[in-house]
Amino acid sequence: MASVKKIVLIEFTPAQMFDLVDACEEYPQFLPWCGGTELLLRDERTTVATLHINYHGIRSQFTTENLKERPDRMEIRLREGPFKHLDGTWRFGALGDSACKVEFELHYEFSSKLLEKVLGPVFNHIANTFVDSFVKRAGRIYRS
């Protein structure tokens, strides 16, 4: 099973970062691999969405159910997709009034060796650049 863990300290609040992550319908605006999203449910405790991957000719999609504790935490759980297993966590810890520690952890395994061979390199790239993409987005949104 593949794992990704990223930790960054940034000058944005936990609520700001949480809201960026939860706004999945905006992902196509700043994630170059995201070919679209479908928001299936959003309430105070849960967001369910399908993300469409369209990256260098590779297309796929997956649906997650994210259990939320705004602004501190978001648990990612697979609903449907090319994975045998996918789960993860976003944590947003306050550092004073205007900064936070962002922790992102993701574990995944594709449902077959063929899917791993085709989708693995693309998804590994996505997972390893995910946090950086949100940090850049925060800079554009909150510093403008």
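Let me begin by describing the structure that accompanies this report. (Residues numbered from 1 in each chain as written. Predicted model: local features only at pLDDT ≥ 70, side-chain atom pairs only at ≥ 80, totals over all residues. Heavy atoms only, no water.)

### Details of the packing of helix H1 (residues 14-22) against helix H2 (residues 113-142)
Basically, it comes down to this: For helices, the fitted line uses only the C-alpha atoms of the stretch in contact; every axis is such a line through C-alpha atoms, and the angle between N-to-C directions lies from 0 to 180 degrees. Helix and strand definitions follow DSSP, with helices as H or I runs of at least four residues and strands as E runs of at least two, each counted in order from the N terminus. Every angle not falling under 35 degrees, over 145, or within 65 to 115 is termed oblique; those three ranges are roughly parallel, roughly antiparallel and roughly perpendicular. Crossing handedness: left-handed means the near helix sits turned counterclockwise from the far one by under a right angle, and right-handed means the same turn made clockwise. For this analysis, residues touch if any pair of their heavy atoms sits within 4.5 Å. Amino acids are sorted into nonpolar (Ala, Val, Leu, Ile, Met, Phe, Trp, Tyr, Cys and Pro), charged (Asp, Glu, Lys and Arg) and polar (every other residue, Gly among them).
Where H1 meets H2, the closest approach of the two axes is 10 Å, and the angle between their N-to-C directions is 110°. Relative to H2, the element H1 is oriented roughly perpendicular. Between H1 and H2 the crossing geometry is right-handed. For the pair H1 and H2, the contacting residues are Gln-16, Met-17, Asp-19, Leu-20 and Val-21 in the first and Phe-134, Val-135, Arg-137, Ala-138, Ile-141 and Tyr-142 in the second. For the contact of H1 with H2, a count of residues per class yields eight nonpolar, one polar and two charged.

### Re the sheet that holds strand S3 (residues 46-55)
For clarity, the cut-off: Pairing between two strands is assigned when DSSP locates at least 2 bridges connecting them.
Strand order in this open sheet of seven strands is S1-S7-S6-S5-S4-S3-S2, and the pairing throughout is antiparallel. Either end of the sheet is taken by a strand with one partner, and the two such strands are strand S1 (2-10) and strand S2 (34-42). This sheet shows a mean twist of 20° between the axes of neighbouring strands, independent of strand direction. In this structure, S3 lies alongside strand S4 (residues 58-69), joined through 10 bridges in antiparallel fashion. Each bridged residue has a counterpart across the sheet, and for His-52 the counterpart in S4 is Gln-61. Where H1 meets the sheet, it contacts S1, S2, S3, S4, strand S5 (73-80), strand S6 (83-94) and strand S7 (100-110), and its direction lies at approximately 155° from that of S6. Sitting on the sheet, H2 is in contact with S1, S3, S4, S6 and S7, with an inclination near 175° to S7.

### Structural notes on the pattern of salt bridges
What counts, and what does not: Should a side-chain nitrogen of Lys or Arg be within 4 Å of a carboxyl oxygen of Asp or Glu, the pair is scored as a salt bridge. Classification of residues uses two cut-offs on accessible area relative to the type maximum, computed with a 1.4 Å probe and protein chains only: under 20% is buried, over 50% is exposed, and between them is partly exposed.
Scanning the entire structure with this criterion turns up nine salt bridges. Here Arg-73 ties to Glu-75 by a salt bridge, and the two come within 2.4 Å at their closest N and O atoms. Judged by its relative accessible area of 12%, Glu-75 is buried. In this structure, Glu-109 engages Lys-84 in a salt bridge whose closest nitrogen and oxygen atoms are separated by 3.8 Å. In this pair, Glu-109 is assigned in strand S7 and Lys-84 in strand S6, connecting sequence segments 25 residues apart. By sharing partners, the salt bridges in this structure join Asp-22, Glu-25, Arg-42 and Lys-68 into a single network.

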